[in-house]
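Residues per chain are reported as follows:
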Amino acid sequence: MNATPSATSRSTADLAARAAELDAADPLAAYREEFQLEAAPGVSAYLDGNSLGRPLKATSTAVERFITQEWGGRLIQGWTHDGQGGDGGRTGGWMDWPTDLGDLLGRVALGAGAGQTVVADSTTVLFYKLARAAVAAGRAAGHDEVRDEIVADTDNFPTDRFVLEGIAAETGARLRWIETDPAAGITPEQVTAAVGPRTALATFSHVAYRSGHLADAAAITAAVHDAGALVLWDLSHSVGSVPLALDEWGADLAVGCTYKYLNGGPGAPAFAYLAHRHQGVLRQPIQGWMGHADPFAMGRGYQPDPGVRQLVSGTPPIVSMVPVRAGLEQLQRAGIDAVRRKSVLLTGYALDLADELLTPHGVQIATPRDPADRGGHLTVRTGSSGVDFREATTRLWGAGVVPDFRAPDGIRIGLAPLSTSFGEVLDGMLALQQIVRNP
Ligand SMILES: *Cc1c(COP(=O)(O)O)cnc(C)c1O
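Residues numbered from 1 in each chain as written. Predicted model: local features only at pLDDT ≥ 70, side-chain atom pairs only at ≥ 80, totals over all residues. Heavy atoms only, no water.

Draft legend 1. Representation of the pattern of salt bridges within the structure. Overall, the coordinates contain 19 salt bridges when judged by the stated rule. When the shortest N-O distance is used, the salt bridge between Arg174 and Asp148 registers 3.9 Å. Of the two residues, Arg174 sits in strand S4 (residues 174-178) while Asp148 sits in the loop between helix H5 (123-140) and strand S3 (149-153), which places them 26 residues apart along the sequence. Taking the relative accessible area as the measure of exposure, Arg174 reaches 42% and is therefore partly exposed. We classify Asp148 as buried; its relative accessible area is 13%. Among the salt bridges present, the one from Asp148 reaches Arg198, with a minimum N-O distance of 2.8 Å. Here Asp148, found in the loop between H5 and S3, pairs with Arg198, found in the loop between helix H7 (188-194) and strand S5 (199-205); they are 50 residues apart in sequence, far enough to count as distant. When salt bridges that share partners are traced, they join Asp148, Glu149, Arg174, Arg176 and Arg198 into one network. (Salt bridge = Lys/Arg side-chain N within 4 Å of Asp/Glu carboxyl O. Helix = DSSP H or I, 4+ residues; strand = E, 2+ residues; numbered from the N terminus. Buried < 20%, exposed > 50% of the residue type's maximum accessible area, 1.4 Å probe, protein only.)

Draft legend 2. Expanded view of the side chain of Arg147. Structurally, the position occupied by Arg147 is in the loop between H5 and S3. For Arg147, a relative accessible area of 11% gives the class buried. Within the structure, Arg147 has its side chain in polar contact with the backbone oxygen of Thr199 (distance 2.6 Å). Setting aside residues no more than four positions away along its own chain, Arg147 makes contact with Gly138, Arg139, Gly196, Pro197, Arg198, Thr199, Ala200, Ala227, Gly228 and Ala229. (Polar contact = N/O pair within 3.5 Å; in protein donor to acceptor, adjacent residues only side chain to side chain. Contact = heavy atoms within 4.5 Å.)

Draft legend 3. Representation of the environment of Ser241 within the structure. The residue Ser241 is located in the loop between strand S6 (230-234) and helix H9 (246-249) in this model. In this structure Ser241 comes out as buried when scored by relative accessible area, which is 0%. C-alpha of Ser241 to C-alpha of Gly102: the two residues are 139 residues apart in sequence and 17 Å apart in space. For Ser241, the contacting residues outside a window of four places in its chain are Tyr261, Ile336, Val339, Arg340, Ser343 and Gly376.

Draft legend 4. Region of interest: the domain arrangement of the protein chain. What the domain assignment reports for the protein chain is domain 1 (12-33 + 335-437) and domain 2 (64-332). For domain 1 and domain 2, the distance between their C-alpha centroids amounts to 30 Å. Residue-level contacts link 25 residues of domain 1 with 19 residues of domain 2. Summed over both sides, the interface of domain 1 with domain 2 buries roughly 1,800 Å², with 55% coming from carbon and sulfur. (Domains from an automatic or database assignment. Buried area = accessible area lost by both parts, 1.4 Å probe.)

Draft legend 5. Just the environment of Trp233, in detail. Summarising the element assignment, Trp233 is placed in strand S6. Taking the C-alpha atoms as reference points, Trp233 and Ala372, 139 residues apart in sequence, are found 18 Å from one another. In contact with Trp233, not counting residues within four places along its chain, are Phe204, Ser205, His206, Ala215, Ala217, Ile220, Thr221, Ala251, Leu253, Ala254 and Val255. Within the local environment of Trp233, its side chain forms a polar contact with the side chain of Thr221, the two groups lying 3.0 Å apart.

Draft legend 6. Highlighting the pairing of strand S7 (residues 253-256). Across the two faces of S7 the burial is the same, with Leu253 and Val255 and Ala254 and Gly256 all buried. Alignment of S6 against S7, held across 3 bridges, turns out to be parallel. Along S7, the bridge assignment pairs Leu232 with Leu253. As paired strands, S7 and strand S8 (residues 270-274) are joined by 4 bridges and run antiparallel to one another. Bridge pairing in S8 places Gly256 opposite Phe271. (Pairing = 2+ DSSP bridges.)

Draft legend 7. Layout of the site of the ligand. Near the ligand, the surroundings consist of 13 residues, among which Thr124, Asp234, His237, Tyr259 and Lys260 are the closest. Asp234 has a polar side-chain atom sitting 2.7 Å from a nitrogen atom of the ligand. In the environment of the ligand, an oxygen atom lies 2.6 Å from a nitrogen or oxygen atom belonging to the side chain of Lys260. Relative to its unbound accessible area of 390 Å², the ligand is 87% covered by the protein chains. (Near = heavy atom within 4 Å. Areas by Shrake-Rupley, 256 points an atom, 1.4 Å probe, with all protein chains shown as cover.)

Draft legend 8. Here's a closer look at the pairing of S4. Across 5 bridges, S3 lies against S4 in parallel orientation. What sits directly across from Val151, in S4, is Arg176. On the question of chirality, the crossover connecting S3 to the parallel S4 by way of helix H6 (residues 158-171) is right-handed. (Right-handed = clockwise from strand over helix to strand, strands pointing away.)

Draft legend 9. View of helix H12 (residues 389-398). Listed as buried for H12 are Phe389, Ala392, Thr393 and Leu396. Along the axis of H12, the buried positions cluster into a sector of 105°, meaning they face one direction only. Counted as exposed and oriented over 90 degrees from the buried face of H12: Arg390, Thr394 and Gly398. Next to the buried residues of H12 lie strand S10 (377-381), strand S11 (401-402), strand S12 (404-406), strand S13 (410-414) and helix H13 (422-437). In this structure Asp388 caps H12, since a side-chain oxygen of it lies 2.9 Å from the backbone nitrogen of Arg390. Gly400 sits one or two residues past H12 and shows a positive phi near 85°. (Arc of directions from axis to C-beta.)

Draft legend 10. Region of interest: the packing of aromatic side chains. All told, the structure shown has 8 aromatic pairs when counted by the stated rule. Ring centres of Phe204 and Trp233 lie 6.1 Å apart, and the angle between their planes is 55°; on these two criteria the pair is classed as tilted. Placement of the pair is Phe204 in strand S5 and Trp233 in strand S6, with a sequence separation of 29 residues. Geometrically, the ring pair formed by Tyr349 and Phe422 is edge-to-face, given 5.6 Å between the ring centres and 65° between the ring planes. One end of the pair, Tyr349, is in helix H11 (residues 336-358); the other, Phe422, is in helix H13, and 73 residues separate them in sequence. Look at Phe422 and you get buried, because its relative accessible area is 2%. Linked through ring pairs, Phe66, Trp79, Trp94 and Trp97 together constitute an aromatic cluster. Note that Lys260 overlies the ring of Phe157, its terminal NZ or CZ placed 5.2 Å from the centroid. (Phe/Tyr/Trp six-rings, centres within 6.5 Å; stacked < 30°, edge-to-face > 60°. Lys NZ or Arg CZ within 6 Å of the ring centre and 35° of its normal.)

Written as structure tokens, this is what we have:
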């Protein structure tokens, strides 16, 4: 009827042309095709890859192959040899997977030399093991003054805070909380002001799960070390999207997820890093047979493995490591620096769209504007728009646009560089604009 397009449809066409240009210029665009995009035909914009990554096609093949050939074919022998006529010792069987996969992860994503990383358990459990070990070391250090304080920040991910509360109750350690701005994150100055001669452990998230703020890990690690304490980094929201340099920072301890940007699948095992210099010194509390120096000796008395394997407690989740390996192999091919370059473009693009489409309606942006200060996701808040973002998220999911809601009033737009296109970001932001315009 109306031959003249409205201003809105004109600008939508311009926006679509710009998104198509960005996708055409994206050197990582082909990696997106490696995911099982067709498995979710109703999803036009998946903006939650920071919470649960998509599956790769290669993951289906690898899991099928593992079940039929390795589990089905080798049965119990799979634990101790690699099918090459192993001798019952550790020659590449599943027993070695926690440390082999840990080494791959260290090389591809963590900036960690071999022999310092294991894959096991959940992030929560590994966080407990490392934090508890650090608190025990603070008591046993034989310093003039006992170190019996844990420094953490109030905006850290709930599981970390809850575990620390439990450790404080269990050990009598005192928790010293730094109040962080939920729209920003932890700074080196705040850390310097909070740590002291009583600090045993300081622990923070590298990328804040709400705002997406990227902490200055090198400076914060140095500030904690100046006070003579240990630092434990939670890398759940940075691993696979932000380059990490654990060895270079001089980090002591770290944990993180593999089901977010690493695409390991729901409940995929977590990882823990224990720097070489602490191995044989720090003792984690869950002493199990799989962390014993000789698991099959079945002898009396616990003898921890002298290396990072001590962090393993019970039988490792081998089947769940198969998708993690597939994700890491893809990341290795793409390269974390290229991933970060795309991540910065994606978050910058989403910020520009938010400025154009959402902030005129009162929506607030809760993510730092300087790319050096942010990780891989963007959070927008209700602000003065008056829109209930919890309900808006439900409506978006119904329309095939999948970000997530974070209380009290945030919508998190996760941009997984290997699986998210610029077109998807535009679709998602336009859908949110529709809701904000017609609440
Ligand atoms: C996702 C996330 C976790 C999750 O812990 P699980 O034990 O895997 O449930 C922990 N910490 C942070 C910072 C996270 O973002």
